[in-house]
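# Examination of the molecular architecture
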Amino acid sequence: MRRRSKRGQVPFVQLNDCELSDSSMIITELERYFKRNLDENLPLADKGVARAFEQMVEESFKWTYGFQRYVEDMDGFWALMSSSLPKGPYGIFTPGLKLLKGVVRRKVQKMLMCQGYGRNTSAEIFQIAQDDLRAISSYLEDKPYLMGPKPTKVDAWMFGHLSQVIYINLDNPHKKFIQSECPNLIAYVNRIRDAFFPEWESLFVKT
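Structural notes, computed from the coordinates. Not measured: the values here are computed from a predicted model.

## Notes on the overall build of the chain
- A tally of helices and strands in the chain yields 8 helices and 2 strands.
- Order of helices (α) and strands (β) in the chain, N terminus to C terminus: β-β-α-α-α-α-α-α-α-α.
- The buried share among the 207 residues of the chain stands at 36%.
- In the form shown here, the chain has an accessible surface area of approximately 12,800 Å², with 57% of it arising from carbon and sulfur atoms.

Put into structure tokens, the structure is as follows:
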């Protein structure tokens, strides 16, 4: 199975003979195919709020932890990831990893420059991350899910992004800020994990 779609995107899914890529397109097509709409009971105004939060994590917050992961602390992240890769004559060996690390870092830096955040200082980028996290935390308050007592599509978006900074076995300023200033986000992500991914711990390589 290919690791990327024909368009070069991840995630992607194969639905019968159709390949779907881009998260929003995947969700839209799966809803149509299975005749399910997680947002069907949301008032129109709440659908607008949910859409705004989806775009905030996808077009703003994602770039802040992408910068932290692939540029600011690339050495730490790469060491963590490479520890689970095969070594030796039939796997990726050290010189290959060093070369690949440089390629990935330069590619992400170029993407960040095109997006705009790469033109900011590290402190400015982290300030954007703090503002995004505070917005999510303040709106969530003590609700079970972002829009109320039942999960909706926006919770899938939130989990996909927040889990990456909360669960990664690596210190990062995003995680530290959440722990100190937005602890309700940890409980929120754990709640989604326990409800929808009971097999979570068995899915990952222990490092």
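## Describing the layout of surface pockets
- Estimates place the volume of the second largest pocket at around 250 Å³.
- Along its surface, the second largest pocket is lined by 14 residues, and Leu-38, Asn-41, Lys-150, Pro-151 and Thr-152 are the ones closest to its centre.
- Considering only residue class, the lining of the second largest pocket consists of 6 nonpolar, 4 polar and 4 charged.

## As for empty space enclosed by the protein
- The tally for this structure, following the rule as stated, stands at 1 cavity of 30 Å³ or more.
- Within this model, the largest cavity holds a volume of roughly 100 Å³.
- If you trace the largest cavity, you find it lined by Tyr-65, Gln-68, Arg-69, Asp-73, Phe-77, Gln-164, Val-165, Ile-168, Leu-170, Asp-171, Asn-172 and His-174.
- Of all elements in the fold, only α2 (44-72) and α6 (153-166) reach the threshold of two or more residues within the lining of the largest cavity.

## Some points on the packing of helix α5 (residues 122-140) against helix α7 (residues 173-181)
- Put simply, α5 and α7 touch, their axes get as near as 11 Å, and they point 40° apart. By crossing handedness, the relation of α5 to α7 is classed as right-handed. On the side of α5, the interface is formed by Phe-126, Ala-129, Gln-130, Leu-133 and Arg-134, while α7 contributes Pro-173, His-174, Phe-177 and Ile-178.
- The residue makeup of the contact of α5 with α7, split by class, is 6 nonpolar, 2 polar and 1 charged.

Each value, and the rule that gives it
Position labels on residues start from 1 in each chain and follow its written sequence. A pLDDT threshold of at least 70 governs which residues receive local features in this predicted model, and a stricter bar of 80 or more applies before side-chain atom pairs are shown or counted, although totals over entire chains, interfaces and linings include all residues. Calculated side-chain values reflect all of the structure's heavy atoms, with hydrogen atoms and water omitted. The helix and strand labels rest on DSSP assignments: H or I over at least four residues marks a helix, E over at least two residues marks a strand, and numbering proceeds from the N terminus. Only protein chains enter the accessibility calculation, which uses a 1.4 Å probe. A residue is then buried if its area is under 20% of the maximum for its type, exposed if over 50%, and partly exposed in between. Calculation of accessible area relied on Shrake-Rupley with a 1.4 Å probe; when residues are assessed, cover is drawn exclusively from the protein chains displayed. A 1.4 Å probe that fits into a set of points on a 1 Å grid over the protein atoms alone but cannot get out defines a cavity; an open set with protein on both sides within 12 Å along at least five of seven lines defines a pocket, and lining residues are those with an atom within 4 Å of a point. Grid points are joined across faces, edges and corners, and a volume is the space filled by probe spheres set on the points. Put simply, Ala, Val, Leu, Ile, Met, Phe, Trp, Tyr, Cys and Pro go in the nonpolar bin, Asp, Glu, Lys and Arg in the charged bin, and everything else, Gly too, in the polar bin. To obtain each axis, a line is fitted to C-alpha atoms, and for helices this fit is confined to the stretch in contact; angles are then taken between N-to-C directions over 0 to 180 degrees. Crossings are classed by handedness, with left-handed meaning an anticlockwise turn of the near helix from the far one by less than a right angle and right-handed meaning a clockwise turn. Throughout, a residue-residue contact means that at least one pair of heavy atoms, one from each residue, lies within 4.5 Å.

Treat this as a map of the structure, not an account of what it does.
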